[in-house]
Amino acid sequence: MSEAAASHATDRRDLTAAQRNAVAELLRVSPVADELGRRFAAAGHELHLVGGSVRDALLGRLGEDLDFCTDAHPDQTLDIVRGWAEAIWETGREFGTIGCQRGGLRLEITTFRAESYDQVSRNPVVAYGTSLAEDLRRRDFTVNAMAVSVPEHRFTDPYGGLADLAAKIVRTPGTPAESFGDDPLRMLRAARFAAQLRFAVHPDVRAAMSRMATDLDRITAERIRDEFTKLLCGADPISGLRLLVDTGLAERFLPELTGLKLEIDEHAQHKDVYEHTLTVVRNAVSYEEDGPDFILRMAALMHDVGKPATKAIGPDGRVSFHHHEVVGARLTKVRMKALRYPKDVTTKVTALVALHLRFYGYGRGEWTDSAVRRYVTDAGDLLPRLHKLTRSDCTTRNRRKAAQLAADYDALEERIARIAAEEDLARVRPDLDGNAIMELLGVPPGPVVGRAWKHLKDLRLEHGPLDRDTAEAELLRWARDEGIRD
């Protein structure tokens, strides 16, 4: 039996399962999809379910968003869906796409495209195509280059996408160089598919990614950000991250990740920070409760990026990374800003990186109740994520040490719960509010009130709740020391 025949025999069962999935999924959406197809046919046009929708149907995971392609131009598509669709939007019209909603499904209908890039600009040049075959060839990967006509349900697969889907392989319809030359973001998308679908990347595709990594510089930060976010939130982000580093893509937009591959010299052994980081990301994923948490995963990825800049070797030959959490937080902020992440997301990830070392030392019995209050207050609503990140960061293979760290953190969480129950830590505020401060000191609203409020909050963190008389006495003492009152 030839190698090709053996492969076909091995995949036959998988293909049959995929086809069964597709039938079930297509039957579910057929009432809407077929009705729409009949409307296009009556107007003299083709309509095909295409791309990710076909792939997901074959995988048994088709959602409520359906992608179609057609030979109709946008104005013609609008004429066909008006009066039928429950809602219509034209935000993608310049790219040939009309969106609409019907029966709980969101439909995007795009004119056949012959899309290409001029190898210099960052945006695609869109030209309408004339055939389904032309449209499928311009798509990124074979598993996205399949179509099902509606209402006929005729399956079109010119590039072997069904076989690649069964083999879990990422491959391009044409040559990888041609595909990535048209849109370099497809290299990052290949890594994303590896992470999301647990697919392997074909050796030819991988080689092209390495050769053409610098072409990613043509792509806008926003497009890179969106693909990377999907990769990091995939089912297996580790495989995607490794691919980014191994092909040189990470160096183009996230060089801090590549920088974690610190050289380990024979005189100053320390754990491989890169491998440790990937383990922390994997651990963080295991702690998630309600689906992928980008903020937690990004904090896990970036928590040690300050180590290369802070690495030092002491007289005893031991390696240290003093204040790497401070440097790491700064680097994280700069990198996420460059990738155009929203400010609130960047702030949360940066705070977690800055706080991730705070716990160490707790097991030595040095923490007072005041230190616990500050830990909770500084973390704020990030405390649940900080718990997960700190636990994820324990990757030692020393079972005794790992058990001790886990026990120490269990004890800290129990202590936080006890103090929180006693003092309502979630809402730590001074024992006197702004109005009381102004009344006692006889001052108007302004900086003095803010300074007094901060002083009273510090006292609250240090000593716990104060009764009214004690709080007032402390405020007056502070005012005298500051020269605000005699």
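Cut-offs applied
- Residues numbered from 1 in each chain as written.
- Predicted model: local features only at pLDDT ≥ 70, side-chain atom pairs only at ≥ 80, totals over all residues.
- Heavy atoms only, no water.
- Helix = DSSP H or I, 4+ residues; strand = E, 2+ residues; numbered from the N terminus.
- Contact = heavy atoms within 4.5 Å.
- Areas by Shrake-Rupley, 256 points an atom, 1.4 Å probe, with all protein chains shown as cover.
- Core = buried A, V, L, I, M, F, W, Y, C linked by side-chain atoms within 4.5 Å.
- Buried < 20%, exposed > 50% of the residue type's maximum accessible area, 1.4 Å probe, protein only.
- Pairing = 2+ DSSP bridges.
- Axes fitted to C-alpha atoms, helices over the stretch in contact; angles between N-to-C directions.
- Lys, Arg positive; Asp, Glu negative; His and termini not counted.
- Salt bridge = Lys/Arg side-chain N within 4 Å of Asp/Glu carboxyl O.
- Arc of directions from axis to C-beta.
- Parallel < 35°, antiparallel > 145°, perpendicular 65-115°, else oblique.
- Left-handed = near helix turned anticlockwise from the far one by under 90°.
- Nonpolar A, V, L, I, M, F, W, Y, C, P; charged D, E, K, R; others polar.
- Phe/Tyr/Trp six-rings, centres within 6.5 Å; stacked < 30°, edge-to-face > 60°.
- pLDDT = per-residue confidence, 0-100.

Asks: Teacher, can you tell me more about the overall build of the chain here?
Replies: Along the chain, the regular secondary structure elements total 23 helices and 11 strands. Contacts spanning at least 24 positions in sequence make up 65% of the contacts within the chain whose residues lie at least 6 apart. Just so you have it, the chain exposes about 23400 Å², and 49% of that area is on carbon and sulfur atoms.

Asks: Any chance you could explain the nonpolar core here in plain terms?
Replies: What tends to happen in soluble globular proteins is that the nonpolar side chains get buried as a cluster. In this structure, Phe68, Phe228 and Leu244 are the most contacted members of the largest nonpolar core, which totals 106 residues. With 9 residues, the single largest contributor to this core is helix α7 (residues 185–197). Setting aside residues up to four positions removed in sequence, Leu244 forms contacts with Leu188, Ala191, Phe228, Leu231, Leu249, Ala250 and Phe253.

Asks: I keep staring at the sheet that holds strand β5 (residues 105–111) and nothing clicks. Help me out?
Replies: Sheets are built from strands that pair by backbone hydrogen bonding, the pairs being arranged parallel or antiparallel. One open sheet accounts for 7 strands, arranged β3-β4-β5-β2-β1-β6-β7; its pairing is mixed. Bordering the open sheet on either side are β3 (87–89) and β7 (155–156), each of which pairs with just one other strand. When β3 meets strand β4 (residues 97–102), the two strands line up antiparallel, connected through 3 bridges. Its bridge partner lying in β4, Trp89 is registered against Gly99. Seen against the sheet, helix α3 (residues 74–81) touches β2 (65–70), β3, β4 and β5 and runs at an angle of roughly 15 degrees to β4.

Asks: For this particular structure, what's the right way to read unusual backbone geometry?
Replies: Glycine aside, residues mostly have negative phi, and peptide bonds are mostly found in the trans state. Put simply, Val150 and Pro151 share a cis peptide bond, and its omega is 10 degrees. Among the structural elements, Pro151 can be located in the loop between β6 (147–149) and β7. You will see that Arg340, though not glycine, has its phi angle at about 65 degrees, which is positive. You can see Arg340 is positioned in the loop between α16 (324–338) and α17 (343–355).

Asks: Got a minute to help me understand the side chain of Asp34 in this structure?
Replies: Within the secondary structure layout, Asp34 lies in helix α1 (residues 3–42). One buried charged residue, Asp34, forms no salt bridge at all, with the nearest opposite charge on Arg38 at 5.0 Å.

Asks: Help me out: how do you make sense of the environment of Glu251 in this one?
Replies: Checked against the element boundaries, Glu251 lands in helix α11 (residues 250–253). Taking the C-alpha atoms as reference, Glu251 lies 9.0 Å from Thr214; in sequence the two are 37 residues apart.

Asks: When you look at the pairing of β2 in this model, what are you seeing that I'm missing?
Replies: Residues in a regular strand project their side chains so that they alternate between the two faces of the sheet. Sheet topology note: the strand β1 (residues 47–50)/β2 ladder contains 3 bridges and is antiparallel. Across the sheet, residue Leu49 finds its bridge partner in β2, namely Phe68. Summarising the sheet, β2 and β5 pair through 6 bridges and their orientation is parallel. The residue bridging Leu66 from the neighbouring strand is Leu107, located in β5.

Asks: What exactly am I supposed to notice about helix α8 (residues 203–211) here?
Replies: Because the α-helix completes a turn every 3.6 residues, residues three or four places apart line up on one side. Val205, Ala208 and Met209 are the residues of α8 that are buried. An end-on view of α8 places all buried positions within 105 degrees of arc, on one side of the element. Looking at α8, the residues exposed on the side facing more than 90 degrees away from the buried face are Pro203 and Arg211. In this structure, the buried side of α8 is in contact with β8 (169–170), α6 (176–182), α7, β9 (200–201) and α10 (237–247).

Asks: For this particular structure, what's the right way to read the packing of helix α13 (residues 273–287) against helix α14 (residues 294–302)?
Replies: Two quantities define a packed helix pair, namely the angle between the axes and the distance from one axis to the other. At their nearest, the axes of α13 and α14 sit 8 Å apart, and the two run at 160 degrees to each other. The angle between α13 and α14 places the two elements in the roughly antiparallel class. Note that α13 runs across α14; the crossing there is right-handed. Of α14, the residues touching α13 (which contributes Thr277, Val280, Val281, Ala284 and Val285) are Leu296, Arg297, Ala300 and Leu301.

Asks: How should the packing of α8 against α10 be read in this particular structure?
Replies: At their nearest, the axes of α8 and α10 sit 8 Å apart, and the two run at 55 degrees to each other. When the axes of α8 and α10 are compared, the pair comes out oblique. Across the interface between the two elements, Arg206, Met209 and Ser210 of α8 pack against Leu243, Asp246 and Thr247 of α10. Grouping the constituent residues of the contact of α8 with α10 by class yields 2 nonpolar, 2 polar and 2 charged.

Asks: What am I meant to see in the pattern of salt bridges here?
Replies: Any two side chains of opposite charge can pair, on the condition that their charged atoms come close. In this structure the tally under the stated criterion is 30 salt bridges. When the shortest N-O distance is used, the salt bridge between Glu25 and Arg28 registers 3.7 Å. Taken together, the residues Glu25 and Arg28, both in helix α1 and 3 residues apart, mark about one turn of the helix. Judged by its relative accessible area of 13%, Glu25 is buried.

Asks: Looking at this structure, I do not really get the packing of aromatic side chains. What am I missing?
Replies: Note on aromatic pairs: each is described by the distance of the centres and the angle between the planes. Overall, the coordinates contain 4 aromatic pairs when judged by the stated rule. Taken together, a centroid distance of 5.6 Å and an interplanar angle of 70 degrees make the contact between Phe228 and Phe253 edge-to-face. Taken together, the residues span a long stretch of sequence, with Phe228 in helix α9 (residues 221–232) and Phe253 in helix α11 at a distance of 25 residues. Among the residues examined, Phe228 registers a relative accessible area of 0% and is labelled buried. Look at Phe253 and you get buried, because its relative accessible area is 4%. Centre to centre, the rings of Phe294 and Tyr341 are 5.2 Å apart; their planes meet at 20 degrees, and the pair counts as stacked. Residue Phe294 is located in helix α14, and its partner Tyr341 is located in the loop between α16 and α17; the two are separated by 47 residues in the primary sequence. Owing to a relative accessible area of 12%, Phe294 belongs among the buried residues under this scheme. Residue class for Tyr341 comes out buried when judged on its relative accessible area of 9%.

Asks: Teacher, can you tell me more about the confidence of the model for the chain here?
Replies: Interpretation of this model should avoid reading the predicted coordinates in detail wherever pLDDT is low. Looking at the chain, the pLDDT average stands at 84 and 86% of residues meet or exceed 70. Below a pLDDT of 50 lies the segment residues 265–269, which in the model reaches 7 contacts outside its immediate sequence neighbourhood of four places, other chains included.

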